[in-house]
Amino acid sequence: MSNETFPPISRVAVVGGAGHVGLPLALLIAQQGFDVTIVDINEETLALIRSGKMPFHERDADELLPQVLATGRLHLTSQNEALRDQDLVIVTIGTPVDEYLDPDVRTFDRVIHTTLSHMRDGQLLMIRSTVFPGVTDRLGRQVSDHSLKVDVAYCPERIAQGFALQELVKLPQIVSGTTPRAAHRAAEFFERLRAEIIELPPIEAELAKLFSNSYRYINFAIANQFYMLAERYGADFERVRDAVTRKYPRMQGFSGAGFAAGPCLLKDTMQLAAFNHNVLTLGQNAMMINEGLPRFLVDQLKTKHDLVPLTVGVLGMAFKANCDDPRSSLSYKLRKVLTMECRKVLCTDPYIQNPEFVSLEECLAQSDILIVGACHDEYRNIQTNKPIVDVFGFLPKAASRGSAT
Ligand SMILES: NC(=O)c1ccc[n+]([C@@H]2O[C@H](COP(=O)([O-])OP(=O)(O)OC[C@H]3O[C@@H](n4cnc5c(N)ncnc54)[C@H](O)[C@@H]3O)[C@@H](O)[C@H]2O)c1
């Protein structure tokens, strides 16, 4: 099919389309006039979306979802048979690392195998999930070994969770293909979304995505290590950070301290490390620092308080501020460490329904010490005389004056 041309893309399937990456993308492209089919194995979430309700918090999506459903351009199914009718199949499934911190290759291969077995000649397959280096070219070889004539592109998603609808129309799109035509077709698709295109070979597109997340993860680790050092000297990390960043252009990239967690940063750093003989020592050190922060905070507390008879409250269980996603949140690790050290741990989060959690009022009233786990806006003006550990430097100084560490 090397000289064939294809009609412009009008029908798009999003495999994994009920997830945090797939759903906002599906909504946006349906809004732009494409006919979109979400293919996802999670029937419960599909039913919720069909009823017009978002399964997770995503800015502006609560309004957009019913609007898009009303156009009749958004379809939802758990059946892969729908893939045959599409011009473009975008894959947005999760790509986790396993218990050995290695990429879970088998799951990815299984889903791709099933997806390809329902595709037909002439379609474009676009991988949007984050993959480890070499996956796209390997997939291109696998496809060309079969009789199926499908173009393979890799176009990594780069949105910040919660801001997808705003960022999808703003961010340049990194586009790659295992053939020039695959890249061209993928670029044409994103041009119709009015995106600026950055074209790279697949290996560089894969590295671009992994470098971004690993860079951020390592950057957070620098701040967290400096925070730990400042604490050892009895110094105020935030005051030092303010001093070195204020009107000082060379330090603007110096991030604040805090929990560097969530479903992407650590696992993408490990994806980069794992198949490079673990030579990404910066990334692995970053993991030790970031994952060690909850234990460090508790150890610091123990130097000033006998925790055994005390109740400690954790404010915010989501992996980041103003978000309802608990995946890989370090607040849960903090809870585990505290459970071993103090009488009782209370957790609260306005965005996460969990019968084990208590209300903010109860958490404030019952706890002897509080620790900020996620910087939700709801906590910014909390009134309490209890000591608060605020590694993020998020609360106004007056609120954290009882600084417990
Ligand atoms: N969450 C983010 O902010 C973000 C940002 C950029 C890139 N990414 C990357 O995007 C990918 C997806 O992440 P996510 O956070 O959206 O994950 P997610 O778990 O929220 O979504 C994955 C979806 O895939 C579905 N799924 C799983 N197996 C399937 C199958 N066999 N067929 C059809 N559907 C299937 C799941 O039911 C789920 O709805 C990952 O590679 C991630 O690293 C995520």
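Note that the coordinates shown come from a computational prediction; the quantities given were computed from them, not determined experimentally. (Residues numbered from 1 in each chain as written. Predicted model: local features only at pLDDT ≥ 70, side-chain atom pairs only at ≥ 80, totals over all residues. Heavy atoms only, no water.)

A.B. asks: Help me understand the environment of Arg-158 in this model?
C.D. replies: As for its position among the elements, Arg-158 is in the loop between strand S6 (151-154) and helix H6 (164-168). For Arg-158, a relative accessible area of 29% gives the class partly exposed. Once the C-alpha coordinates of Arg-158 and Leu-171 are considered, the two residues, 13 residues apart in sequence, prove to be 7.9 Å apart. Look past the residues within four positions of Arg-158 in its chain and what remains in contact with it is Glu-167, Leu-171, Pro-172, Ile-174, Ile-198 and Lys-209. Polar side-chain contacts of Arg-158 include one of 2.9 Å to the backbone oxygen of Pro-172. (Helix = DSSP H or I, 4+ residues; strand = E, 2+ residues; numbered from the N terminus. Buried < 20%, exposed > 50% of the residue type's maximum accessible area, 1.4 Å probe, protein only. Contact = heavy atoms within 4.5 Å. Polar contact = N/O pair within 3.5 Å; in protein donor to acceptor, adjacent residues only side chain to side chain.)

A.B. asks: Help me understand the site of the ligand, please; the structure alone is not making it clear to me.
C.D. replies: Inspection of the region around the ligand gives 24 residues, with His-20, Val-21, Asp-40, Thr-95 and Lys-267 positioned closest. Backbone polar atom of Thr-130 to an oxygen atom of the ligand: 3.0 Å apart, as the coordinates give it. A total of 830 Å² of accessible area belongs to the ligand in isolation, and the protein chains cover 84% of it. Grouping the constituent residues of the shell around the ligand by class yields 9 nonpolar, 10 polar and 5 charged. Mapping the shell around the ligand onto the domain boundaries places at least three of its residues in each of domain 1 (11-200) and domain 2 (234-389). (Near = heavy atom within 4 Å. Areas by Shrake-Rupley, 256 points an atom, 1.4 Å probe, with all protein chains shown as cover. Nonpolar A, V, L, I, M, F, W, Y, C, P; charged D, E, K, R; others polar. Domains from an automatic or database assignment.)

A.B. asks: Any chance you could explain the pattern of salt bridges here in plain terms?
C.D. replies: Where charged atoms from two side chains of opposite charge come close, those side chains can pair. The full count for this structure, using the stated rule, is 15 salt bridges. The salt bridge involving Arg-185 is made with Asp-151; its shortest N-O contact spans 2.8 Å. Here Arg-185, found in helix H7 (residues 180-192), pairs with Asp-151, found in strand S6; they are 34 residues apart in sequence, far enough to count as distant. In this pair, the class of Arg-185 matches that of Asp-151, namely buried. Close ionic contact of Glu-341 with Arg-295 constitutes a salt bridge, the shortest N to O distance being 2.9 Å. (Salt bridge = Lys/Arg side-chain N within 4 Å of Asp/Glu carboxyl O.)

A.B. asks: Looking at this model, I keep getting lost on unusual backbone geometry. Mind explaining?
C.D. replies: Negative phi is the rule for most residues except glycine; trans is the rule for most peptide bonds. Notably, Asp-60 is not glycine yet its phi reads approximately 70 degrees, a positive angle. With respect to the helices and strands, Asp-60 occurs in the loop between helix H2 (43-50) and helix H3 (61-71). A relative accessible area of 44% means that Asp-60 is categorised as partly exposed. Backbone geometry places Lys-247, a non-glycine residue, at a positive phi of 50 degrees. Of note, Lys-247 is situated in the loop between helix H9 (237-245) and helix H10 (265-274).

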